[in-house]
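What the coordinates show
For reference, the chains in residue letters:
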Amino acid sequence: MLNQRKGDMYKFINFTWNPIKGKCLHDCSYCYMKQINPDAKEPRLTEYEFNTNLGYGRSIFIGSSTDMFAENIPSEWIARVLDYCYQNSNMLLPNTYLLQSKNPKRFLKFIKHPMMGRAVFCTTIETNRFYPEIMNKAPKIEERVEAMEEIARLGRSTMVTAEPLMQFDREEMVSFIRRCSPKLVNIGRNSCRKIVLPEPTKEDVQQLIVELKSFTKVNVKDNALEWYK
């Protein structure tokens, strides 16, 4: 079923849809889903979700509860989700689909699917650094950037989310994000206060925002406004 966007999620999203459920391979320490469902089982394709009325003219975030492009998700599951979106969306007033992954190189394996023409491709760049004890099994930042750079080169719409934003080196951070050619950069703070992350200073965040605004639109989420003001 479609779920209406809640809380501090992206404001341009109307609904979320999660036909693939279960524990995310990346196992990032700060993941909000680990707090909501600490006993999550291995990923599974949920059959009843393929009775969902996706409607028309909507903005739908597919896979908001687990990374459906992680390497352990079978390709046939992903293809079935994309097929369903394409076959069940109104052609005159189609939906826009947000696909977000820390493994965006896998987007490229499906980039020629007709549904992908209706997608916005997003990855997480929470810092230019790599904190293995925090990011665990997630692909390294440079790998994410290289894939997003290729997706943008193909003329697809891209977006970056810098959430939870961690300590960064501004010059390289800006360079990484610029290479992704995002139409929007989303900045958010760690929402799981039980997990302590290396957060940047308010001044660093403000300078980052100034530089990002020179080439893209920036959205500061409500949970990060104290950095911005």
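Residues numbered from 1 in each chain as written. Predicted model: local features only at pLDDT ≥ 70, side-chain atom pairs only at ≥ 80, totals over all residues. Heavy atoms only, no water.

**Remarks on helix α5 (residues 170-179)**
All of the buried residues in α5 are M173, V174, F176 and I177. The arc that holds the buried residues of α5, viewed along the axis, is 160°, so those residues lie on one side. As for α5, its buried residues are in contact with α4 (141-153), β8 (157-162), β9 (184-187) and α6 (202-212). (Buried < 20%, exposed > 50% of the residue type's maximum accessible area, 1.4 Å probe, protein only. Helix = DSSP H or I, 4+ residues; strand = E, 2+ residues; numbered from the N terminus. Arc of directions from axis to C-beta. Contact = heavy atoms within 4.5 Å.)

**Re the packing of aromatic side chains**
According to the stated counting rule, one finds 8 aromatic pairs in the structure shown. Their ring planes at 15° and their centres at 5.8 Å tell us that Y10 and F12 sit as a pair that is stacked. Residue class for Y10 comes out buried when judged on its relative accessible area of 6%. Relative to Y84, the ring of F50 lies with its centre 5.5 Å away and its plane at 85°, an arrangement referred to as edge-to-face. Taken together, the residues span a long stretch of sequence, with F50 in the loop between β4 (44-45) and β5 (59-62) and Y84 in helix α2 (residues 75-87) at a distance of 34 residues. Taking relative accessible area as the criterion, F50 reaches 10% and is therefore assigned buried. Through a chain of ring-to-ring contacts, the aromatic side chains of F69, F107, F110 and F121 assemble into a single cluster. The ring of F50 carries R80 above its face, with NZ or CZ at 4.1 Å from the centroid. Across the ring face of Y10, the terminal group of K221 is positioned such that the distance to the ring centre comes to 5.8 Å. (Phe/Tyr/Trp six-rings, centres within 6.5 Å; stacked < 30°, edge-to-face > 60°. Lys NZ or Arg CZ within 6 Å of the ring centre and 35° of its normal.)

**Focus: the layout of surface pockets**
The computed volume of the largest pocket comes to approximately 1400 Å³. Ranked by residues supplied to the lining of the largest pocket, first place goes to helix α1 (residues 32-36) with 4 residues. Residues of the lining of the largest pocket, tallied by class, amount to 15 nonpolar, 19 polar and 13 charged. (1 Å grid on protein atoms, 1.4 Å probe; cavity = no way out; pocket = protein on both sides within 12 Å on 5 of 7 lines; lining within 4 Å. Points joined across faces, edges and corners; volume = space filled by probe spheres on them. Nonpolar A, V, L, I, M, F, W, Y, C, P; charged D, E, K, R; others polar.)

**Here's the deal with the side chain of T52**
With respect to the secondary-structure elements, T52 resides in the loop between β4 and β5. Classification of T52 by relative accessible area gives buried; the value is 8%. A polar contact of 2.6 Å, which involves the side chain of T52, links it to the backbone oxygen of E49. Not counting residues up to four positions away in its chain, the partners in contact with T52 are M1, L2, W17 and Y84. (Polar contact = N/O pair within 3.5 Å; in protein donor to acceptor, adjacent residues only side chain to side chain.)

**Focus: the packing of α5 against α6**
Axis separation between α5 and α6 bottoms out at 10 Å; the angle between their running directions is 35°. Between α5 and α6 lies a crossing of right-handed hand. Taken together, the residues of α6 that come into contact with α5 (itself represented by R170, M173, V174 and I177) are Q207, L208, E211 and L212. The class makeup of the residues in the contact of α5 with α6 is 5 nonpolar, 1 polar and 2 charged. (Axes fitted to C-alpha atoms, helices over the stretch in contact; angles between N-to-C directions. Left-handed = near helix turned anticlockwise from the far one by under 90°.)

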